[in-house]
Amino acid sequence: MELKNAVAALSALAHEGRLAAFRLLVQAGREGMAAGEIARRLDVPPNTLSSNLTILSHAALIESRRDGRSIIYNARYENMTELLEYLMQDCCGGHPEICAPLAKVALDSRCGQEGCA
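The structure presented is a predicted model; accordingly, all values stated were derived computationally and were not measured.

We note that Asp43 has phi near 55 degrees; this positive angle belongs to a residue other than glycine. Residue position: Asp43 is located in the loop between α3 (35–42) and α4 (46–58). For Ala60, which is not a glycine, the phi torsion comes out positive at approximately 65 degrees. Within the secondary structure layout, Ala60 lies in the loop between α4 and β2 (62–67). According to the relative accessible area criterion, Ala60 is partly exposed, its value standing at 23%.

In C-alpha cells form, the structure reads like this:
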C-alpha cells in the first residue's frame, strides 16, 4: 500500500459516522447491506449516510452494487487488510514479539473469497 492510500483510508475512518458505517459493513460480511438498512441501524439521515459512504468508497474501503431498487454496500476486506499490514510493516524495531498480539488479530481477521477466518 502506498502512503497516499493509507492516508486516504485513515482520513476516511477518522469520523464517527464513517467509522460506524464501516464497522457495520465489516460485520455484515460479503453479502453487504442496503443503504436504507445502514441508515436505519445507524439512525442517520440518508443524505448524511450518502456523503459518508461516498468518502469511504473514494478511499477504497467499501464498494457498492445495485440489486433491483437497492444499492448494496460491502466492505473491501482486501483493502482493509492491506491497511492493517501497512500499519504493522517492519513492526517494533526488530522485536516482532511486541507486535505478536496485533499480528495475530490481523491474521485471524483475513477474509478470503470463501469468507472470514
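The structure having been displayed, the exposition proceeds.
The next point concerns the pattern of salt bridges. Taken as a whole, this structure holds four salt bridges when the rule is applied. Here Arg30 and Glu78 are joined by a salt bridge, their closest N and O atoms 3.4 Å apart. You can see Arg30 sitting in the loop between α2 (16–28) and β1 (33–34) and its partner Glu78 sitting in helix α5 (residues 77–88), a full 48 residues away along the chain. Residue Arg76 is joined to Glu63 by a salt bridge in which the shortest nitrogen-to-oxygen separation is 3.8 Å. Remark: Glu63 occurs in strand β2 and Arg76 occurs in the loop between β3 (70–75) and α5; sequence separation between them is 13 residues.

What counts and how
- Residues numbered from 1 in each chain as written.
- Predicted model: local features only at pLDDT ≥ 70, side-chain atom pairs only at ≥ 80, totals over all residues.
- Heavy atoms only, no water.
- Helix = DSSP H or I, 4+ residues; strand = E, 2+ residues; numbered from the N terminus.
- Buried < 20%, exposed > 50% of the residue type's maximum accessible area, 1.4 Å probe, protein only.
- Salt bridge = Lys/Arg side-chain N within 4 Å of Asp/Glu carboxyl O.

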